[in-house]
Every structure is written in structure tokens, then in C-alpha cells.
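Survey of secondary and tertiary structure
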Amino acid sequence: MWTPDRKSSKPLYHQIADYIERRIAYGEFPPGSLLPSERKFASQLEVNRSTVVQAYDQLRAQGLIEGRTGSGTRVSLYKWGVTPKHTPNWRQYVEGGTFLPNLPFLRRIREEAHNHAHMIDFASGELSPDLCPNDAFRQLLQDRPFHDHLGYDNPQGYVPLRETLVTHLLNYRNIKATDSSILITSGSQQSLYLITQCLLSPGDAVAIEDPSYCYSLPMFQSAGLHLYRLPVDDKGVRPADVLELYRKHRIRMIFLNPQYQNPTGSVLDPARREQLLRISEELGIPIVEDDPFSLTSFQHCPPLPMKSYDTNSNVLYIGSLSKIAASGFRIGWMVAPQSVVSRLADARQQMDFGLSIVPQWLAAQYLASDYFEHQLFSLREALARRCRLLVESLREELSQEVSFEVPSGGLNLWCKLQKPVNDYKLLEEGIKRGVLFVPGSVYGSEPGFVRLSFARPKEEHIRPGVVKFAEALRFLRVMPTSSVKH
């Protein structure tokens, strides 16, 4: 994100006007493009609104932009001799296509997190920099020079990494696999994308937990799938609900996050796991098991995944290093039957010819080293500590207004608000005070829930963040009831 140079002798509004003019000249803002509102642009650049007003006035005087009542400020259609008939309707193109954009709530949250580093971020599901094994990565790169070929790799992924994962999955997850049954991906979301695009067809019915992180991913709707809800309680989903959905809708696939479920933090009950596997075998319905959190167990004894009990290849198992090492690493994997792996590898190769070799090489070195075990131990201790801080702070500030079940692992605390508030207004009030979080409706829940992630904020920021969240919630509590809408 560009920012004006506050040390320059050129006034800030001149710098802003020059920046926008360059983007117009380069074609980044084609004729007719809608520019950010003065208030929004000022917030992004961290300048006074009047500064942006001056910049827009200068551009307007040059004929580069024009303001229309009710439609905001747009790039002029006629500057440089360009007329509407010569200009593609980029808005129509942007709003077209079959791949849907992210939810507005998420775009708003990510925009604030990206543009304002001072925000206390309970929204992000990634680890804070101090929880990532950066020193281990640097040491591995220093001690073990990379000598492999940098050409296109095996479509299934770097062979040494897949071989390392065979041992890793057996030792840490009790999953028996061969390297030919493993597909390397850029993370859990790419695995889910490949499954929805290649193994299912538009109109297919699938079962998804309620609430679920999957509801924040438009890829399911983009694939034309019909989503049916599996309510999650403190023991996970109920097998009887799966049978009911099959009877009514002939569901073709079940998507589960059994270990420290996102967002609720629940763990699927062992008896229910057994029943779900039996149902999957009897009906021939695959289970997609997304398992990003299990190794974060605060008690250092993570629950075993469903895949470890799967003897008939009914479970497609998804894992990654995003929640236990670093989100920017972009290393994930899928364990599946060879036919499925081959199909998805072929599809992924059409997209990008495979992943970069270097991160895969580093992941293989890291997983086979002593650094990994040390990272797990320190990460679990740190996450447990941050979770305690968050719980203590909420009990001090909002004991009568927020309830929750304390998780035994994962990165999230799922909170129920005792009285309903408008999700949008609560988020905006939080942003005004410098705190981010995710309203529960993003995950498909009924109104009155919030997900607070404790892995991103520094420990010393957790309590102040809760205070800011409490201020936002209490501000809305005193508003007239008529202002609360869902």
C-alpha cells in the first residue's frame, strides 16, 4: 500500500493527487472507475479527510475525475479523448464470472488489518510472528544448502517432502500412507478448492458443519453446490443429522473439522466419530476431514483424526503447516486414494504447473528435524497462555454479557453475546476503537456470536483488546432497540 512521504517538501495533498494521476495514466483506474470515498481513502493513508478533499479537488480541476450525486467520485470518461464506447465495462466484468468474491465482512476486516498495523487483531487466524519458527528456518537454510533442480516438479509435489510426510503422519497423526497417496498443496483452502471443483458437480448436495469456516469461503457457492447444515454442539456434529440429510437431500460429501473445530473449538466425540465412519461406509459418502489445529492441543495429547481409523479409504484428509509453523509458508497436503490424487494433481498442474520447489524442500527439512518438536512444545505453551489471558480478560470485563466454552486447543474462542446486536455496527464500533474480530454470521451462525482468535495479538495486547471490544459492545447496548437489526 502506497503512503505519502511526510518528510517531503511537497504537500501531502499534491502527493496524493500525483499518485492517483499516475494510476489513471497507467490504466489501473480506467475511465469510469469508482474511486475510494474521501473518508475511506483518508483512513487508509492515515491523513486528515481534508487532505484527500484537497487532492480530489485538484484532480477535479484537471478534469481527471468527476463527482456525481449518489454515485461517488469516478475517473472522468472523456479525459485523454477516451469515450465510453471505447472503454470496457470493467465493473460488469468484475461483477461477472462464476467465482464469487469474499464476503463483505471479511473484505472489510482484511482491509483494516492490512492498512492499519496498530489494530489489535482478534480476527486473523494466523500465528503472530513471534510464534513462528523463523530462527529454525534461517538455521536450516544456513546449514543445509539447497542443491535440487529448479525445474517443474512432480505434479503430486516434491517427492522428498511426500516421503517425509509419510513418517510425520504416522508418528504424529497415526495415519498410514504412502508417498503416492499424498498430494502437496499450497494449503487447506487449495485442497478444498480442488475437491469442490474436481470431485463434485454443480447441483450436488453436501453437508457442512454449522457454524463452520466453510461458510466464509465462497468457493462452495462458486462451484454451484447446495450446502446443508450439520449443527455443532460441544461434542461435534450428530450422526443422526447426517442420516437425515442423506434421506432428504442425498448428500454426496461431508465436510468436517473434527479437532478444535473452527470457529467453536469443539472436538468431535469418539463415539460419534465411529458412527460417522460407519455411516460413510454404509452409504458410500466420502468425508473430507480438515485438520489444521489438532497438533495445537494445550495438554500435549491431541485427539487422533478420523483418518487414523479409516480402513476403507472413505476419508480425504487435509493438513497444513499454516497453524503450526507459518501461514506464509503455503505448504499443505491431502491424503487420498491414488485415483483421487492423480485427478487433483492433474487439475492443479493446469492451474500453476506445481508449487515452488524451495518451500517444499524447506518443509521437508523442517519436519524431519528436531526443530519441529521444539516448535510444537513452545507453540502449545504459548497458545494455552494466550487463551487463558483472553478468557480471564473476558471474565473481568464482560462476565455478564458474554459466555463461552474454554477450548483445549486450537486458536479460537467462540463467544455468545447474551443480548443481540447488529453485527455490522459492532464490527464498525470495534474498528473505531482499534480492535478486529469476526462476527459469527460470517460462519453461518445465528445472530449473537463472535469469534475471537488469540494467536495473532501479542500477549500484552490481549487485555487492552478485550477492553476495546467491551467498549464497542457496551456502546451498542445503550443505543435504541430499533437500531438493532439482523
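Further up the page is the structure itself.
Residues numbered from 1 in each chain as written. Predicted model: local features only at pLDDT ≥ 70, side-chain atom pairs only at ≥ 80, totals over all residues. Heavy atoms only, no water.

With that settled, the discussion passes to empty space enclosed by the protein. Counted by the stated rule, this structure contains three cavities of 30 Å³ or more. Approximately 90 Å³ is the volume found for the largest cavity. What lines the largest cavity is a set of 13 residues, among which D291, L295, Y317, S320 and W333 lie closest to the centre. (1 Å grid on protein atoms, 1.4 Å probe; cavity = no way out; pocket = protein on both sides within 12 Å on 5 of 7 lines; lining within 4 Å. Points joined across faces, edges and corners; volume = space filled by probe spheres on them.)

Take the environment of G125 next. Tracing the backbone shows G125 in the loop between strand 3 (120–121) and helix 6 (134–143). With 182 residues separating them along the chain, G125 and K307 place their C-alpha atoms 24 Å apart. When neighbours within four sequence positions are excluded, G125 is seen to be in contact with K323, L411, R451 and S453. (Helix = DSSP H or I, 4+ residues; strand = E, 2+ residues; numbered from the N terminus. Contact = heavy atoms within 4.5 Å.)

With that settled, the discussion passes to the sheet that holds strand 12 (residues 402–404). With antiparallel pairing, four strands are arranged side by side in an open sheet as 12-13-16-15. Edge positions in the sheet fall to strand 12 and strand 15 (438–439), since each has one partner strand and no second. Sheet topology note: the strand 12/strand 13 (residues 412–417) ladder contains three bridges and is antiparallel. Across the sheet, residue S403 finds its bridge partner in strand 13, namely K416. (Pairing = 2+ DSSP bridges.)

With that settled, the discussion passes to the state of the cysteines. Taken as a whole and judged by the stated rule, the model has zero disulfides. For the unlinked cysteine C387, the closest cysteine sulfur is that of C415, found at 9.9 Å. Judged by its relative accessible area of 3%, C387 falls in the buried class. (Disulfide = S-S within 2.5 Å. Buried < 20%, exposed > 50% of the residue type's maximum accessible area, 1.4 Å probe, protein only.)

Note on placement: L183 falls in strand 4 (residues 182–185). Of the residues examined, L183 reaches a relative accessible area of 0% and is grouped as buried. When the C-alpha atoms of L183 and A336 are compared, they prove to be 8.0 Å apart, with 153 residues separating the residues in sequence. In this view, L183 contacts P155, Q156, L194, G332, W333, M334, V341, L344, A345 and R348; residues no more than four positions away in its chain are not counted.

Take helix 15 (residues 423–433) next. Those residues of helix 15 lying buried are D423, L426, L427, E428, E429, G430 and I431. Considering only its buried residues, helix 15 is in contact with helix 5 (104–115), strand 13, strand 14 (435–436), strand 15, strand 16 (449–453) and helix 16 (459–477). Where helix 15 begins, one side-chain oxygen reaches toward the backbone nitrogen of Y424, 2.9 Å away; that side chain belongs to N422. In the segment just after helix 15, G434 is the residue with positive phi, at about 90°. (Polar contact = N/O pair within 3.5 Å; in protein donor to acceptor, adjacent residues only side chain to side chain.)

Our focus in this paragraph is the pattern of salt bridges. Oppositely charged side chains can pair when the atoms bearing their charge come close. One pass over the structure, following the stated rule, counts 29 salt bridges. Across the salt bridge formed by K307 and D310, the nearest N and O atoms sit 3.1 Å from each other. Comparing K307 with D310, the two get one shared label, buried. Taking the shortest distance from any N to any O, the salt bridge between D352 and R348 comes out at 3.7 Å. Linking D352 with R348, this pair stays in helix 12 (residues 338–352), spanning four residues, or about one helical turn. Several salt bridges share partner residues, and in doing so they unite K40, R108, E111, E112 and E428 into one network. (Salt bridge = Lys/Arg side-chain N within 4 Å of Asp/Glu carboxyl O.)

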